[in-house]
Amino acid sequence: MLLMLGVLMNQRMLIGTVVLSSAILLLFAYHCYPLPTPDAFAFLPATISFAAGKGLVNPLCSFTPFLVDDAGQPRYVQYPPLYNLLVGFLMWEPTPRAASLVISILNVGSVVLTGLLLSHASRSYPEGSTSRTWVCVGGIVGLTSLFVVFQNGRPEGLATLWVLLGAWSIRSGSRFSWPLVGGLLGLLASTHLASAAISIAI
């Protein structure tokens, strides 16, 4: 009876952490808080421009695109474009708040997947163990903090979602797992080349 009670409490704590972390991400995004990372200006203006129907251009980031773009225009040509295209497509209006909320919704998907993956990975702990719960809670809080502080407005957030979907696919053991992982690697390369290279090497 005590074991069953411990398991139930641990499950509630894990679910509560996922829900609370997701709520924090969405609340922060609605208020555009905190401000995106300093180099997010190389990504977000092009995303908002695409959502406004003006194409992938970023007049606020002149140094890198002008060095790469032979036409001398502020076109977004310095990075794979999937992050900008996907977020821009999902935005309902071309505003910073809409961009922030769409990014946050994608990050919530990563938080939920992390909770599921850690819950399965921690099964080596005894059933009802508080250590098992705290491992999962720590992982979820750590990922949420990463989204808020370091990956706010950068493509790594979407790259994280592709990696977690790949891990979930492999864990499922389905015969379609590896074809799906191949497709996710393509999406990852279209989002963040370094992450794709590291994932292939692993």
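That block above? That's the structure.
So, here is what we can say about the structure in this document. Note that this is a predicted model, so its numbers are computed, not measured.

1. Here we look at the packing of helix α5 (residues 96–121) against helix α6 (residues 130–149)
Reasoning step 1: Contact geometry for α5 and α6: axes closest at 9 Å, N-to-C directions at 160 degrees. By the angle class used here, α5 and α6 are roughly antiparallel. The way α5 lies across α6 gives a crossing that is right-handed. Judged by residue contacts, Asn107, Ser110, Val111, Thr114, Gly115, Leu118 and Ser119 of α5 engage Arg132, Val135, Cys136, Gly139, Ile140, Leu143, Thr144 and Phe147 from α6.
Reasoning step 2: Along the lines of polarity and charge, the residues of the contact of α5 with α6 split into seven nonpolar, seven polar and one charged.

2. Describing the nonpolar core
Reasoning step 1: By size, the foremost hydrophobic cluster in this structure holds 37 residues, and its most contacted members are Leu25, Tyr83, Val87, Met91, Val111, Leu158 and Trp162.
Reasoning step 2: When contributions to this core are tallied by element, the ones reaching two or more residues are α1 (2–30), α2 (44–51), α4 (82–90), α5, α6, α7 (156–172) and α8 (177–189).
Reasoning step 3: Counting residues per element, this core draws most heavily on α5, which supplies nine residues.

3. Some thoughts on the side chain of Thr47
Reasoning step 1: Looking at the secondary structure, you find Thr47 in helix α2.
Reasoning step 2: Residue contacts for Thr47: discarding those within four places in its chain leaves Asn84, Val87, Gly88 and Met91.

4. Thoughts on the packing of aromatic side chains
Reasoning step 1: The full count for this structure, using the stated rule, is three aromatic pairs.
Reasoning step 2: Between Phe43 and Tyr79 the ring centres are 5.0 Å apart and the planes differ by 80 degrees, which places this aromatic pair in the edge-to-face class. Here Tyr79 lies in the loop between α3 (63–68) and α4 and Phe43 lies in the loop between α1 and α2, a separation of 36 residues in the sequence.
Reasoning step 3: Phe43 gets classed as buried once you look at its relative accessible area, which sits at 4%.
Reasoning step 4: Among the aromatic residues, ring-to-ring pairing joins Phe43, Tyr76 and Tyr79 into one connected group.
Reasoning step 5: Just above the ring of Trp168 sits the side chain of Arg171; from NZ or CZ to the centre is 4.5 Å.

5. Notes on the pattern of salt bridges
Close approach of charged atoms lets side chains of opposite charge pair.
Reasoning step 1: Using the criterion set out here, one finds two salt bridges in the structure.
Reasoning step 2: Arg154 is paired through a salt bridge with Asp39; the nearest N and O atoms lie 2.4 Å apart. Here Arg154, found in the loop between α6 and α7, pairs with Asp39, found in the loop between α1 and α2; they are 115 residues apart in sequence, far enough to count as distant.
Reasoning step 3: The class of Asp39 is partly exposed, set by a relative accessible area of 32%.
Reasoning step 4: One network of salt bridges, in which partners are shared, links Asp39, Arg154 and Glu156.

6. Quick notes on α7
Since the α-helix turns once every 3.6 residues, residues separated by three or four places project in the same direction.
Reasoning step 1: Over its 17 residues, α7 extends 24 Å from the first C-alpha to the last, a length consistent with the 24 Å expected when each residue adds 1.5 Å.
Reasoning step 2: All buried positions along α7 are accounted for by Glu156, Gly157, Leu158, Ala159, Thr160, Leu161, Trp162, Leu164, Gly166 and Ser169.
Reasoning step 3: Packing partners of the buried residues in α7 comprise α4, α5, α6, α8 and α9 (193–201).
Reasoning step 4: Phi turns positive one or two residues past the end of α7, at Gly173, with a value near 70 degrees.

7. A closer look at the environment of Leu56
Reasoning step 1: The residue Leu56 is located in the loop between α2 and α3 in this model.
Reasoning step 2: Relative accessible area serves as the criterion here: at 19%, Leu56 is assigned to the buried category.
Reasoning step 3: C-alpha of Leu56 to C-alpha of Gly88: the two residues are 32 residues apart in sequence and 9.6 Å apart in space.
Reasoning step 4: Once residues lying within four places of it in the same chain are set aside, the contact partners of Leu56 are Ala46, Phe50, Pro74, Arg75, Tyr76, Pro81, Asn84 and Leu85.

What counts and how
- Residues numbered from 1 in each chain as written.
- Predicted model: local features only at pLDDT ≥ 70, side-chain atom pairs only at ≥ 80, totals over all residues.
- Heavy atoms only, no water.
- Axes fitted to C-alpha atoms, helices over the stretch in contact; angles between N-to-C directions.
- Helix = DSSP H or I, 4+ residues; strand = E, 2+ residues; numbered from the N terminus.
- Parallel < 35°, antiparallel > 145°, perpendicular 65-115°, else oblique.
- Left-handed = near helix turned anticlockwise from the far one by under 90°.
- Contact = heavy atoms within 4.5 Å.
- Nonpolar A, V, L, I, M, F, W, Y, C, P; charged D, E, K, R; others polar.
- Core = buried A, V, L, I, M, F, W, Y, C linked by side-chain atoms within 4.5 Å.
- Buried < 20%, exposed > 50% of the residue type's maximum accessible area, 1.4 Å probe, protein only.
- Phe/Tyr/Trp six-rings, centres within 6.5 Å; stacked < 30°, edge-to-face > 60°.
- Lys NZ or Arg CZ within 6 Å of the ring centre and 35° of its normal.
- Salt bridge = Lys/Arg side-chain N within 4 Å of Asp/Glu carboxyl O.
- Expected span 1.5 Å × (residues − 1).

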